[in-house]
Amino acid sequence: MIRTEQLRKFFDMGRGRRLHAVDGVTLKIEANEILGLVGESGSGKSTFGKTLIGLHERTSGEAFLGEDRLPAKFSASDHLRFSKSMQMIFQDPYASLNPRMTVLDIVGEGLSIRGERASSVRDRVADWLERVGLNADHMSRYPHEFSGGQRQRIGIARAMIIEPQFVVCDEPISALDVSVQAQVINLLDDLKKSMGLTLLFIAHDLSMVRYVSDRMAVMYMGVIVESGPSDEVFFNPLHPYTQFLIEANPEPDPASERAKPFSRLTGEISSPVDIKPGCRFADRCPKASSVCREETPPLKLVDGTRSSATRSIATRSIACHHA
Amino acid sequence: MALLRIQNLAVEFETYGGTVQAVRGVSFEVDPGQTLAIVGESGCGKSVTVQALMDLIPRPPGRIRSGEAWFEGQDLFQLSDAERSQFRGRDIGMIFQDPMTSLNPTMTIGKQIAEPLKVHRGLSEAAALQTAVDLLKKANIPEAERRASQYPFEFSGGMLQRAMIAQAMACDPKLLIADEPTTALDVTIQAQILALMSELKERLGMSIILITHDLAVVAKMADTVCVMYAGQIVERGTAEDVFYRSRHPYTLGLKQAMPSRALSRDQALSPIPGSPPDLFAPPPGCGYAARCPHAMTVCLQQEPPEWRDPSGSGHAAKCWLQHPEAPQVEGLDQRIHALEVKE
């Protein structure tokens, strides 16, 4: 359904320096699949999602939606054409809704742009507001009249009303309270099933990504360091970075949390500017050896048939000299 | 004896739309060397509770309607503003959620850490700055000398939180209040900050009040837990009691809304329907009744009392389901001991 090959997005920082936000990401998302993309702030996961659907211009590499090659830079007509199939749900339900537009205008804009009649837009907006758990007579209100969870539902209705095949969900729940997070996740799950959607679920909450997605990819400084079926990556991480990430992810269970020592990972993710050869995690990795600092480890396939718990054919990839 | 005892705290805010009853009668204690976690969702009053304690509520529009805050034999609410500011930053340190906006962007990190040392300890500028460097080292900031002369924008989020901890620790406080200290941070950095807080707590024997919405962080850090909802504490007890023997449906609901390790893709999450009540006009009964799957008629009409475990475990819940005649609810710990109503 979605395929990228060596997708790169660099940002020019002036004086010839470039930030390698996404630095050669090759991945596939099968139809009806949820791929979870995890990583820390600055790992490039949101930039990847935005570049994929044309909100950023691609620096190099290829991206495909089904058989269609996506242009590196979307023109206005490309946006109109591809937004029929690809939509995005944003992280911040406050910043991503225009405060001066009514809910009707926000949710119905995609249809209006496509020349749909006002009365039909109104009917479909009413229908979609009900489907996302809001009320049809909310459509004359403005975003400030809604809570965070309700706003996120508006954002979901806006994306889904176009009936896309593929949706990028960029941290759709991280701004929400725990009790509301579950509401939104269940809603997305229902819509995914009823509409046959394919989702890229970008998040930093590992427990939620493990639960939500079929496969999981872990990003670090612009590259994917590990990918595979979610349960396998979560319960049996192979890359040292993934291991630290999962170890640092606390669980709501006092006995196991107290028995667990504090993570030994020191330092912080650095900005991917002036990239040196070698593994990007080498500076913080306790296993790092000289080869890690000299050669960039390729993302290679490993045998992943150990677990029987997965439904898809388990292919795991990992980029580490020591795995 | 408790280091801090809050008694019946009520805080309200005057707004154009009316009076918001942000905190509605909260009582709790913190023992020396213990970590108390106050957990709850946005708007439940957890931050306002500690802001009232630290005198950080703008008055007006805020008002402390009632309450006592006993800290080492003195009721902080009875002190003059000048006397209270003696406690703040000296005996009680505080760190905030967003280190970027809580530190002064026009002052070097070193000077900001030195400030409480000059104010409370009477140190000279030079001595205070030197101590600030030592504090940065204790907060595991590499190249502390160089870092002390930098400004907040030159620090990452994790580093800023370390700097804020260094500042809060400057006068060896007996109590550290941490208001969502890791919410803005990534999990690996969160783990580092929590480790630093635990290490300092062990070494200095201080108490911590940890405000958070994240049950996983509570599980990692807390000795005792208060669960807040709609301006009230609905359940309290040791971390084990609250997590493994939950007595309030809200606590149970929060746990079930999170994906546990055992939850598979085919099992749906159990969200809590609806949203918290409007605190302009809190409901007459239990604040949670409108969202509670087990709500009874009495829950909508009368505020539940706090039922306490008579064995002295400190486990208590403000819920009618703890009444001896209430129906059994699956997953909820009810009446294991003969419960009694608190006076």
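On a predicted model such as this, the values are computed, not experimentally measured, just so you know.

Asker: It is not clear to me how the overall build of chain A should be interpreted in this structure. Could you clarify?
Answerer: Helix and strand counts for chain A stand at 11 helices and 12 strands. Expected size for 323 residues packed as a compact globule is a radius of gyration near 20 Å; at 21 Å, chain A falls within 12% of this value. The buried share of chain A, taken over its 323 residues, is 49%. Once local pairs closer than 6 in sequence are excluded, the contacts in chain A between residues at least 24 apart make up 63%.

Asker: Looking at this structure, I do not really get the overall build of chain B. What am I missing?
Answerer: Regarding its fold elements, chain B presents 12 helices and 13 strands. Taken against the 2.2 N^0.38 rule, which gives 20 Å for 343 residues, the C-alpha radius of gyration of chain B at 21 Å falls within 12% of a compact globule. Counting only C-alpha atoms, chain B reaches 65 × 50 × 45 Å along its principal axes. Per-residue burial for chain B yields a buried fraction of 48% across its 343 residues. The long-range share in chain B, meaning contacts at least 24 apart out of those at least 6 apart in sequence, stands at 64%.

Asker: Any chance you could explain the domain arrangement of chain B here in plain terms?
Answerer: A common way to state how big an interface is: give the accessible area lost once the parts meet. All names here are of chain B. Structurally, chain B comprises domain 1 (1–91 + 171–244), domain 2 (103–169) and domain 3 (249–264 + 281–343). Here the C-alpha centre of domain 2 lies 24 Å away from the C-alpha centre of domain 1. Looking at the side of domain 1 that touches domain 2, the element that brings in the most residues is helix H8 (residues 187–204), giving six residues. Along the lines of polarity and charge, the residues of the side of domain 1 that touches domain 2 split into 11 nonpolar, two polar and two charged.

Asker: Can you help me understand the sheet that holds strand E2 (residues 18–29) of chain A in this one?
Answerer: Each strand in a sheet pairs with its neighbour through backbone hydrogen bonds, running either in the same direction (parallel) or in the opposite one (antiparallel). Residue and element names in this part refer to chain A. With respect to topology, four strands assemble into an open sheet ordered E2-E1-E4-E5, the strand pairing being antiparallel. Only two strands of the sheet have a single neighbouring strand rather than two, namely E2 and strand E5 (68–69). Bridge analysis of strand E4 (residues 60–65) against E5 gives two bridges, and the strand direction is antiparallel. Its bridge partner lying in E5, Leu65 is registered against Asp68. Taken strand by strand, helix H1 (residues 45–52) contacts strand E1 (2–12), E2 and E4, and its axis lies near 65° from that of E2.

Asker: How should the nonpolar core be read in this particular structure?
Answerer: Taken as a class, soluble globular proteins show a tendency for nonpolar side chains to be buried jointly. Phe201(A), Val218(A), Ile224(A), Ala163(B), Val218(B) and Val227(B) are the most contacted members of the largest nonpolar core, which totals 191 residues. In contact with Ala163(B), not counting residues within four places along its chain, are Ile109(B), Ile113(B), Leu136(B), Ala139(B), Ile141(B) and Phe155(B).

Asker: Looking at this structure, I do not really get the interface of chain A and chain B. What am I missing?
Answerer: Between chain A and chain B, the residue contacts involve 30 residues of the former and 35 residues of the latter. Contributing elements (two or more residues each) for the side of chain A that touches chain B: helix H6 (178–195), helix H7 (206–212), helix H9 (240–248) and helix H10 (254–259) of chain A. A per-element tally of the side of chain A that touches chain B places H6(A) first, with seven residues.

Asker: Can you walk me through helix H5 (residues 125–138) of chain B in this structure?
Answerer: Count 3.6 residues to each turn of an α-helix, and residues three or four apart come out pointing the same way. All names here are of chain B. Taking 1.5 Å as the rise per residue, H5 with 14 residues should run 20 Å; its terminal C-alpha atoms sit 20 Å apart, in good agreement. Within H5, the full set of buried residues consists of Ala128, Leu129, Thr131, Ala132, Val133, Leu135 and Leu136. In this structure, the buried residues of H5 make contact with helix H4 (109–121), helix H6 (144–148) and helix H7 (157–168). Asn140 occupies a position one or two residues after H5 and carries a positive phi of about 60°.

Asker: Can you help me understand the sheet that holds strand E2 (residues 18–30) of chain B in this one?
Answerer: With respect to topology, four strands assemble into an open sheet ordered E2-E1-E4-E5 (chain B), the strand pairing being antiparallel. The two strands at the open ends of the sheet, each matched to only one other strand, are E2 and strand E5 (74–75) of chain B.

Rules and cut-offs
- Residue numbering note: each chain is counted from 1, following its sequence as written.
- The lettering of chains begins at A and the numbering of ligands begins at 1, in the order of writing.
- Local features in this predicted model are restricted to residues of pLDDT 70 or higher, and side-chain atom pairs are both shown and tallied only at a pLDDT of 80 or more, whereas totals for entire chains, interfaces and linings draw on every residue.
- Counting from the N terminus, the helices are DSSP H or I runs at least four residues long and the strands are E runs at least two residues long.
- Note that the radius of gyration is over C-alpha atoms, with the globule rule given as 2.2 Å times the number of residues to the power 0.38.
- The burial criterion counts other C-beta atoms lying within 10 Å of a residue's C-beta, which is placed from the backbone; the residue is buried at 20 or more, exposed at 12 or fewer, and partly exposed between these limits.
- In this description, any two residues whose backbone-derived C-beta atoms lie within 7 Å of each other are considered to be in contact.
- The split into domains, and so the bounds of each, comes from an automatic or database assignment of domains.
- Residue polarity follows a fixed list, in which Ala, Val, Leu, Ile, Met, Phe, Trp, Tyr, Cys and Pro are nonpolar, Asp, Glu, Lys and Arg are charged, and the others, Gly among them, are polar.
- Pairing between two strands requires that DSSP report at least two bridges joining them.
- Each axis is a line fitted through C-alpha atoms, taken for helices only over the stretch in contact, and angles between the N-to-C directions span 0 to 180 degrees.
- Defined on buried residues, the nonpolar core groups Ala, Val, Leu, Ile, Met, Phe, Trp, Tyr and Cys residues joined through C-beta atoms within 7 Å.
- One less than the residue count of a helix, multiplied by 1.5 Å, gives the span that helix is expected to have.

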